[in-house]
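Residue-level listing of the chains:
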Amino acid sequence: MTWFAIIAIALTGAAVLFLVLPLLRPGRGALESPREVNALVYRDQFKELERDLETGTLTSEQYTHARAELERRLLDDVEGGAQGTTRASGSARRTALAVAVVLPVSAALLYWYLGNPQALTAPKHAPVDASSISVDQFKQMTEKLAARMQSKPDDPVGWMMLGRAYKALERYPDAVEALQHAEKLAPGNPEVLVEYAETLALNRAGTLEGEPTRLLDRALKISPDDQKALTLAGTAAFGRKDYAAAVRYWERLKTSVPADSELGRALSSGIAQARARVGGKVPEVSQAPRRPDAAKTVSGMVRLSPALAASAAPDDAVFVFARAAEGPRMPLAVLRKQVKDLPLRFELNDSMAMTPGRELSSVERVVVGARVSKSGTAMPQAGDLEGASQVIQPGARGVLITIDSAVR
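In every chain, residue numbers begin from 1 and rise along the written sequence. Selection of residues for local features in this predicted model requires a pLDDT of at least 70, selection of side-chain atom pairs for listing and counting requires 80 or more, and totals for whole chains, interfaces and linings are taken over all residues. Excluding hydrogens and water, the side-chain values take into account all heavy atoms of the structure.

*Asks:* Account for the sheet that holds strand β7 (residues 399-403), naming residues and giving values.
*Replies:* Each pair of strands is called paired provided DSSP finds at least two bridges between the two strands. The numbering of helices and of strands both runs from the N terminus, where a helix is a DSSP run of H or I of at least 4 residues and a strand a run of E of at least 2. The strand order β4-β1-β7 describes an open sheet built from three strands, whose pairing is mixed. Every other strand in the sheet has two partners, leaving β4 (344-348) and β7 as the edge strands with one partner each. With direction set aside, neighbouring strand axes in the sheet form an average angle of 30°. Bridge count for strand β1 (residues 298-304) against β4 is five bridges, and the pairing is antiparallel. Its bridge partner lying in β4, Gly300 is registered against Phe346. Axis definition: a line fitted to C-alpha atoms, over the contacting stretch in the case of helices. Angles run 0 to 180 degrees between N-to-C directions.

Dropping the structure here:
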């Protein structure tokens, strides 16, 4: 507010000075021009009288009388001009005073009417910390955005934001619909294409085959070095057993990713697996699987809250999964059981990975969730029951998950 006031006052003062100074300056302008013109005229008339006297056109008496008359007129004009100059000078001062008063007052009144005076005294607010927003607050913000998009359906950025919000809430069908709107409005935007492809895959239990792959191909034609597009395209190629293509995608991405980062380590692991499969060194199914490293597993127990026991049938599917605490929400490991198996002791490890290079051991922090699915699919739907752990590290033991809430 202080700087705004200082700048506003300075600019207004400069404008006042720019207008007032010329009115007060005693220059050689229009106020003195009539006197100068009259003096020149009278000087010529005096010279003409002298020439007439010399040539004999006028007698001495006529010359004396004409000169006296001319001097009297000159005196009258000089006195009248001085009074006019005084009057003009006074008028200029009055105009300057009016400008100096009216201009600042008018500017202040206009800002008060057209501007935002309350902003001058409004308290400053610190930026909102996204980590402090609760799930309920995020849901409310999402619903407000959804309502806004109904009144502004031609905003592709708004649709993409809404799709991302729905994806974060694991409302994948709604996310797909929102991103479909964004893609129609901005078909050449690679960011929209990649978001749409990933969300379609999440809505299809993680598969990138078909339309998601076609969307990724379009995105890479527009932006060949898009990191997320390269990651998913490599995953899609690995899933359809095109290991050479997976290596090409991931190698291109690896050149722009720090080797010691989480993504860098995941890429190295995925590339190694893909190269081994290309060379036939790794069988598609291990004949003698080794016991997973304890540091790369998460184990514990899942139980169903007694308050929700009547809402679940014995044959309903139960999915236990681990996902990264930060980044993509695609599961790192998944285990499927049934309600009749609850309470259930579980263990999740790298052998349950859905995507090569995205194993449980490739991240530093995870969240373990459990969901009772009425439809039998891994995608959450209204009426499903769920529960989740706190953020933990791979290697955690004795994790307790209670399925105690319904998906809405």
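Anyway, onward from the coordinates.
*Asks:* Any chance you could break down the packing of aromatic side chains for me, citing the residues and the numbers?
*Replies:* Think of it this way: a Phe, Tyr or Trp ring, Trp meaning its six-membered ring, pairs with another when their centres are within 6.5 Å, and the plane angle makes it stacked under 30 degrees, edge-to-face over 60, tilted otherwise. Taken as a whole, this structure holds two aromatic pairs when the rule is applied. With a centroid separation of 5.0 Å and an interplanar angle of 70°, the aromatic rings of Phe238 and Tyr243 are classed as edge-to-face. Tyr243 matches Phe238 in its accessibility class, with the two residues each being buried. Between Phe238 and Trp250 the ring centres are 6.1 Å apart and the planes differ by 25°, which places this aromatic pair in the stacked class. Of this pair, Phe238 sits in helix α10 (residues 227-239) while Trp250 sits in helix α11 (residues 243-254); the two residues are twelve residues apart in sequence, bridging distant segments of the chain. For the residue pair Phe238 and Trp250, the accessibility class agrees, reading buried in each case. Among the aromatic residues, those joined into a ring-pair cluster are Phe238, Tyr243 and Trp250. Residue exposure (1.4 Å probe, protein chains only): buried if accessible area is under 20% of the type maximum, exposed if over 50%, otherwise partly exposed.

*Asks:* So what's going on with the pattern of salt bridges? Which residues, and what values?
*Replies:* Note on definitions: salt bridges are taken to be side-chain nitrogens of Lys or Arg within 4 Å of carboxyl oxygens of Asp or Glu. Taken as a whole, this structure holds 16 salt bridges when the rule is applied. Among the salt bridges present, the one from Lys228 reaches Glu198, with a minimum N-O distance of 2.7 Å. In this pair, Lys228 sits in helix α10 while Glu198 sits in helix α8 (residues 190-203), placing the two residues 30 residues apart along the sequence. On the basis of relative accessible area, Glu198 is assigned to the buried category, the value being 4%.

*Asks:* I'd like a description of the environment of Arg345, backed by residues and values.
*Replies:* The topology assignment puts Arg345 in strand β4. Take Arg345: its relative accessible area is 67%, and that puts it in the exposed class. Sequence separation between Arg345 and Leu400 is 55 residues, and the spatial gap between their C-alpha atoms is 9.4 Å. Look past the residues within four positions of Arg345 in its chain and what remains in contact with it is Gly300 and Met301. Throughout, a contact is declared for two residues whenever any of their heavy atoms are within 4.5 Å.

*Asks:* Give me the nonpolar core: which residues, what numbers.
*Replies:* By size, the foremost hydrophobic cluster in this structure holds 42 residues, and its most contacted members are Leu162, Leu216 and Tyr249. Elements represented by at least two residues in this core include exactly α5 (135-151), α6 (156-168), α7 (172-185), α8, α9 (211-222), α10, α11 and α12 (262-278). Discounting residues that sit within four places of it in the chain, Tyr249 has contacts with Asp217, Leu220, Leu230, Ala233, Gly234 and Ala237. The nonpolar core is taken to be a set of buried Ala, Val, Leu, Ile, Met, Phe, Trp, Tyr and Cys residues, with the residues joined through side-chain atoms within 4.5 Å.

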